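# Structure at a glance
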Protein chains: 2
Amino acid sequence: MALAQLNNPTCSKTQLHSSQLSFLSRTLPKQYHCTFAPLHRTQHGRITCSVAPNQVKAPAVQSQDPKSKPDCYGVFCLTYDLKAEEETKSWKKLINIAVSGAAGMISNHLLFKLASGEVFGPNQPIALKLLGSERSFQALEGVAMELEDSLFPLLREVVISIDPYEVFQDAEWALLIGAKPRGPGVERAALLDINGQIFAEQGKALNAVASRNVKVIVVGNPCNTNALICLKNAPNIPAKNFHALTRLDENRAKCQLALKAGVFYDKVSNMTIWGNHSTTQVPDFLNARIDGLPVKEVIKDQKWLEEEFTEKVQKRGGVLIQKWGRSSAASTSVSIVDAIRSLITPTPEGDWFSTGVYTAGNPYGIAEDIVFSMPCRSKANGDYELVKDVIFDDYLRQKLAKTEAELLAEKKCVAHLTGEGIAVCDLPGDTMLPGEM
Amino acid sequence: MALAQLNNPTCSKTQLHSSQLSFLSRTLPKQYHCTFAPLHRTQHGRITCSVAPNQVKAPAVQSQDPKSKPDCYGVFCLTYDLKAEEETKSWKKLINIAVSGAAGMISNHLLFKLASGEVFGPNQPIALKLLGSERSFQALEGVAMELEDSLFPLLREVVISIDPYEVFQDAEWALLIGAKPRGPGVERAALLDINGQIFAEQGKALNAVASRNVKVIVVGNPCNTNALICLKNAPNIPAKNFHALTRLDENRAKCQLALKAGVFYDKVSNMTIWGNHSTTQVPDFLNARIDGLPVKEVIKDQKWLEEEFTEKVQKRGGVLIQKWGRSSAASTSVSIVDAIRSLITPTPEGDWFSTGVYTAGNPYGIAEDIVFSMPCRSKANGDYELVKDVIFDDYLRQKLAKTEAELLAEKKCVAHLTGEGIAVCDLPGDTMLPGEM
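Residues numbered from 1 in each chain as written. Chains lettered and ligands numbered in written order. Predicted model: local features only at pLDDT ≥ 70, side-chain atom pairs only at ≥ 80, totals over all residues. Heavy atoms only, no water.

## A closer look at the packing of helix H2 (residues 105-116) of chain A against helix H3 (residues 137-149) of chain A
In helix packing, the relevant descriptors are the interaxial angle and the interaxial distance, both defined with respect to the helix axes. All names here are of chain A. What counts here: Every angle, taken between N-to-C directions, lies between 0 and 180 degrees, and every axis is a line fitted to C-alpha atoms, over only the stretch in contact when it is a helix. Strands are runs of DSSP state E lasting at least two residues, helices are runs of H or I lasting at least four, and both sets are numbered from the N terminus onward. The sense of a crossing depends on the near helix, which, turned anticlockwise from the far helix by less than a right angle, makes the crossing left-handed and, turned clockwise, makes it right-handed. By definition, residues are in contact when any of their heavy atoms lie within 4.5 Å. Under the convention adopted here, Pro, Cys and the residues Ala, Val, Leu, Ile, Met, Phe, Trp and Tyr are nonpolar, Asp, Glu, Lys and Arg are charged, and Gly plus all remaining residues are polar.
One can describe the packing of H2 onto H3 by two numbers: an axis separation of 11 Å at closest approach and a directional angle of 35 degrees. H2 and H3 meet at a crossing whose hand is right-handed. Contacts from Asn-108, Leu-111, Phe-112 and Ala-115 in H2 reach Val-143, Glu-146 and Leu-147 in H3. Residue classes in the contact of H2 with H3 are distributed as five nonpolar, one polar and one charged.

## Details of the packing of helix H5 (residues 188-209) of chain A against helix H11 (residues 394-413) of chain A
Residue and element names in this part refer to chain A. Packing of H5 against H11 leaves a shortest axis separation of 10 Å and a crossing angle of 65 degrees. For the pair H5 and H11, the sense of crossing is right-handed. Counted together, Arg-188, Ala-189 and Leu-192 of H5 and Glu-406, Glu-410 and Cys-413 of H11 form the full contact between these two elements.

## Digging into the confidence of the model for chain A
Parts of the prediction with low pLDDT should not have their coordinates interpreted in detail. The condition is simple: Confidence scores labelled pLDDT are given residue by residue by the predictor and lie between 0 and 100.
Chain-level statistics for chain A give a pLDDT mean of 85 and a share of 83% at 70 or above. If you check the scores for this complex, the pTM reads 0.86 and the ipTM reads 0.86.

## Some thoughts on the state of the cysteines
What counts here: Cysteine sulfur atoms that come within 2.5 Å of each other are treated as a disulfide pair. The cut-offs for exposure are 20% and 50% of the maximum accessible area for each residue type, with area from a 1.4 Å probe on protein chains only; residues under the lower value are buried, those over the upper are exposed, and the others partly exposed.
All told, the structure shown has four disulfides over all chains when counted by the stated rule. What pairs with Cys-413 of chain A in a disulfide is Cys-425 of chain A, and their sulfur atoms sit 1.6 Å apart. Here Cys-413 of chain A and Cys-425 of chain A share a disulfide; its torsion about the S-S bond, 60 degrees, makes the bridge right-handed. Of this pair, Cys-413 of chain A sits in helix H11 while Cys-425 of chain A is found in the segment after helix H12 (415-418), placing the two residues 12 residues apart along the sequence. Sulfur-sulfur distance for the disulfide between Cys-72 of chain B and Cys-77 of chain B comes to 2.1 Å. The sign of the S-S torsion, about 110 degrees, decides the handedness of the disulfide formed by Cys-72 of chain B and Cys-77 of chain B: right-handed. For Cys-72 of chain B, a relative accessible area of 2% translates into the label buried. Should the bonded cysteines of chain A be numbered as they appear in the sequence, the pairing reads 1-2, 3-4. Cys-230 of chain A provides the cysteine sulfur closest to Cys-223 of chain A, a residue in no disulfide bond, and the two sulfurs are 12 Å apart.

## Thoughts on the domain arrangement of chain A
All names here are of chain A. As a reminder, the rule being used: Residue ranges assigned to the domains are those given by an automatic or database domain assignment. Put simply, buried area is how much 1.4 Å-probe accessible surface two parts lose in total, over both of them, once they are put together. Within this document, salt bridges are pairs made up of a side-chain nitrogen of Lys or Arg and a carboxyl oxygen of Asp or Glu, the two lying within 4 Å of each other. Polar contact criterion, stated in full: a pair of N or O atoms within 3.5 Å, where within protein one must be able to donate a hydrogen and the other to accept it, and residues adjacent in sequence count only if both atoms are side-chain atoms.
On domain assignment, one finds that chain A holds domain 1 (70-244) and domain 2 (247-329 + 338-418). Using only C-alpha atoms to locate each centre, domain 1 and domain 2 end up separated by 25 Å. Of the residues lining the interface, 34 residues belong to domain 1; the matching set on domain 2 comes to 30 residues. For the domain 1 and domain 2 pair, buried surface summed over both sides reaches about 2700 Å², with 63% attributable to carbon and sulfur atoms. Residue Arg-341 pairs with Glu-118 through a salt bridge whose shortest N-O separation is 3.6 Å. Where domain 1 touches domain 2, the interface holds 13 residue pairs in polar contact (both at pLDDT 80 or more). Of all the secondary-structure elements, those providing two or more residues to the side of domain 1 that touches domain 2 are H2, strand S7 (173-176), H5, strand S8 (215-218), helix H6 (223-232) and strand S9 (242-244). Residue contributions to the side of domain 1 that touches domain 2 peak at eight residues, all from H6. Residue composition of the side of domain 1 that touches domain 2, by class: 20 nonpolar, eight polar and six charged.

## A closer look at the sheet that holds strand S13 (residues 289-290) of chain B
All names here are of chain B. We count it as follows: Note: two strands are recorded as paired if DSSP finds a minimum of 2 bridges between them.
Pairing within the open sheet is antiparallel, and its three strands lie in the order S10-S13-S14. Each end of this open sheet is capped by a strand with a single partner; those strands are strand S10 (268-269) and strand S14 (293-294). As defined by bridge partners, S10 adjoins S13 across two bridges and the pair is classed as antiparallel. Opposite Val-268, over in S13, you have Ile-290 as the bridge partner.

## Section: helix H7 (residues 247-261) of chain B
Residue and element names in this part refer to chain B. The test is simple: Here a helix's expected span is defined as the number of its residues, less one, multiplied by 1.5 Å.
A rise of 1.5 Å per residue sets the reference length of H7, with its 15 residues, at 21 Å; its end C-alpha atoms lie 21 Å apart and thus fit the reference within 8%. Buried residues dominate H7, accounting for 15 of its 15 residues. Immediately beyond the C-terminal end of H7, within one or two residues, lies Gly-262, with a positive phi of roughly 70 degrees.

## With respect to the interface of chain B and chain A
At the junction of the two partners, chain B supplies 80 residues and chain A supplies 82 residues. Buried surface at the junction of chain B and chain A, summed over both partners, amounts to about 7000 Å²; 58% is from carbon and sulfur atoms. Remark: the boundary between chain B and chain A carries 12 salt bridges. Salt-bridge contacts for Glu-141 of chain B lead to Lys-323 of chain A; the nearest nitrogen and oxygen are separated by 2.7 Å. For the pair chain B and chain A, the number of links is 26 residue pairs in polar contact (both at pLDDT 80 or more).

## Section: the relation of the copies chain B and chain A
Our working definition: Copies overlap after least-squares fitting; the atoms used are the C-alpha atoms of residues with pLDDT of at least 70 in both.
When chain B is fitted to chain A, the best match, at an RMSD of 0.0 Å, comes from turning it 180 degrees and sliding it 0.0 Å along the axis. The operation mapping one copy onto its partner corresponds to a two-fold rotation axis.

## Considering the environment of Val-282 of chain B
Residues and elements named next belong to chain B. Turning to its location among the elements, Val-282 is positioned in strand S12 (residues 282-284). Taking the relative accessible area as the measure of exposure, Val-282 reaches 4% and is therefore buried. In this structure, the C-alpha to C-alpha distance between Val-282 and Lys-215, residues 67 residues apart in sequence, is 25 Å. The residues touching Val-282, leaving out its near neighbours within four places in the chain, are Thr-272, Ile-273, Trp-274, Leu-396, Lys-399, Leu-400 and Thr-403.

## Some remarks on the sheet that holds strand S13 (residues 289-290) of chain A
Residues and elements named next belong to chain A. Sheet architecture is open: three strands sit in the order S10-S13-S14, paired in antiparallel fashion. Of all the strands in the sheet, the pair left with one neighbour each is strand S10 (268-269) and strand S14 (293-294). Pairing between S13 and S14: two bridges, direction antiparallel. What sits directly across from Ile-290, in S14, is Leu-293.

## A short note on the side chain of Lys-215 of chain A
Residues and elements named next belong to chain A. For clarity, the threshold we go by: The convention is simple: Lys and Arg are positive, Asp and Glu are negative, and His and the chain ends are not counted.
Its place among the elements puts Lys-215 in strand S8. For the buried Lys-215, no salt bridge exists, and the shortest N-O distance to an oppositely charged side chain is 6.5 Å, to Asp-383. A distance of 3.0 Å separates the side chain of Lys-215 from the backbone oxygen of Asn-213, its partner in a polar contact.

## Let's talk about the pairing of strand S7 (residues 173-176) of chain B
All names here are of chain B. For clarity, the threshold we go by: By the criterion used throughout, a crossover qualifies as right-handed when its path from the first strand across the helix to the second strand runs clockwise, the strands pointing away from the viewer.
Burial along S7 is two-sided: the face carrying Trp-173 and Leu-175 and the face carrying Ala-174 and Leu-176 are both buried. Across four bridges, strand S4 (residues 95-100) lies against S7 in parallel orientation. Of the residues in S7, the one forming a bridge with Ser-100 is Leu-176. Looking at chain direction, S7 and strand S8 (residues 215-218) are connected through four bridges and run parallel. The residue of S8 that forms the bridge with Trp-173 is Lys-215. Viewed along the sheet, the connection from S7 through helix H5 (residues 188-209) into S8 turns out right-handed.

## Concerning the pattern of salt bridges
Inspection of the entire model under this criterion finds 44 salt bridges over all chains. In this structure, Lys-240 of chain B and Asp-383 of chain B form a salt bridge, with 3.2 Å as the shortest nitrogen-oxygen distance. Here Lys-240 of chain B is found in the loop between helix H6 (223-232) and strand S9 (242-244), whereas its partner Asp-383 of chain B is found in the loop between strand S16 (371-377) and strand S17 (385-386), with 143 residues between them in sequence. With relative accessibility at 36%, the residue Lys-240 of chain B sits in the partly exposed group. Residue class for Asp-383 of chain B comes out partly exposed when judged on its relative accessible area of 28%. The salt bridge partner of Lys-411 of chain B is Asp-369 of chain B, with a shortest N-O separation of 2.9 Å. Taken together, the residues Lys-411 of chain B in helix H11 (residues 394-413) and Asp-369 of chain B in the loop between strand S15 (353-358) and S16 connect sequence positions 42 residues apart. By relative accessible area, Lys-411 of chain B is classed as buried at 16%. A relative accessible area of 17% means that Asp-369 of chain B is categorised as buried. Within this structure, Glu-85 and Arg-156 of chain A together with Asp-266 and Lys-267 of chain B form a network of salt bridges that share partners.

Set out below in structure tokens:
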């Protein structure tokens, strides 16, 4: 490769692996101003230049140091002075959003929502840092191309990489979606170990390079214990900042109560999912409300509430797979958006939302030092506080004990990944949700 | 089936085919107030009731006549008095949006965008009427379930059906995405005929039951000629209201010019795609502008503009399929949103957008009576006018003649579907876009 070829504002790569890009960006002299865009009809494995300087009238765009954006993609490799332009000078500072499993179906919905501005608002420019695997790297390029073709004004950077240390650099949000799905015959303990290792590595990377106040939402399953592993490997980031996604369960629970009561789902509030994102999860109909009234005053069928309701929520994912032939990527991504919005907008008066968070100092008597879904409120600062005015009865206590026991058993099973000694796996029956199998 | 079972506010169906639902809704006495929601654990093929009246405290929701919503889905079968509630009384009147191919991947992105409010705004309640095929009906139920689980406040009705006369009833927008993909060895003429028949039927259905001012966007390929067939079969709807989607081509063309010029894509304006959504399409670099300047003043590489640029735009879909393993559903759905927004928001001063429209009375000298992509402006009323101040040179004229000839040949090939006599198929070389093959 002749370095002379690189001496221009926009260069292109084809069939180059991320590690090659990484190598190039680290080894090129700083004065070679090159970005890596796909040029689909050039030679394989070669850097070629698509623009010679004299052909281009210099536009009002700042030049860019490739070392600061190692695996940026195409048009997103440009650096902008947003303050210099009329339309963008009122915009907030760019935020870095890292997404793992970025070539998967959930991300394929989520990334376009993030880029469109519907999550963080119309004045918030976005950098998307996409983490994939070696196997998925070409698909990741495809995702970046589709993001280019979507012309989202707020999307100002896209980085694709297989290196979490690159992707998590200065991340203010880390949406950890990627995890190995459970293959046939794989024991649950084995899955906990395989995925746990991924989340231990990602925790270390977050600890090393992410913003000190990064908010982490773990979606990859088993998400509660993955979140625990992740936070244990990131001691310099507040444990409070790690979430396990139970928002889809909450949304499904609201919908099922609405269906049963014959009301629109916007009438259901105060819905808590307690515990693990598994079949031991507890959708709480004791504290939930319909049109402001306790659920039990509206739905008088106690047997349905105790026996069918919870099962309906748990089994929803499995039914969807049967109907639709694949898991529920679209509604999962909607629930991730809901989870983010709940942390950056004030919670409506008297209501709350559910998220799996670290249990240290919880007022409910739940075991400390696990990640457990609980009712929360936010003041729109990215932070949350646990709701105090919830009630318990024997039924709810008994259900909470079961999901708590499961999470404690999962914790023992991944002790080798949380720095707490030798793992002992004595898991209760198989409680993975159908969508995760 | 005992009719007594149906005498309650919410009923459920499992494994019932749309035609059965249709039959039920037509044959049940009006006083049987029943909606069709999925109950996943009941007997097959049987209507059962999930709520007995005495178990439910009547919520503030109006009752519903099943005849008016034959195949409504689950929680979306409720009827609301939006004017009666504080949060919704300022909302606009509900609009009906029909989507064909609703179980496919493009729709799987698009429906959630429509339902979220990002297309029609936060005060516009939405009814989604989903058209699928017998084969895809279960998947359609899955889509409806995911829409339920997403709790979109603005989404107030979902209907799933395989009958276009049901789905297009009072539709104000019809987004026609469904079409048979081209199998191996299928001649282009055969594809024109197979898909043409679908669009002839849908045109007749629109003519019979849709809003008299319905806006129709044809996405299913070959979209220009499908749109022509559709409008010819809908003589009572203005031909002007039918569009063939070329917006993804426009977006891709903008991105490629931006990449070449080393500017962000928001600097590229006045981008016309002329003609057919095929490889004969003409991305117009003569009239397009970068940062307000003619493209040729910014990108001085005329050879690249004439030879590589057009090919890059055309081949983008094929490259994406190679990278990503499937066609570009996400960016296609973004471009459909762009196409709708361009008709309901005022076009920025001095700019325009491209859409394939009926050529009657065009000022460019393009043959009348075909659907041809041209530059348009809108006053935000759903309507558009053609842009007059565009320039032509010999290169552009020659390209326009080629794509025009193709569309005229396609038109002759579907004469049996447009009521214009006997079809004569003498198509030029194969010009389907890679994404469509």
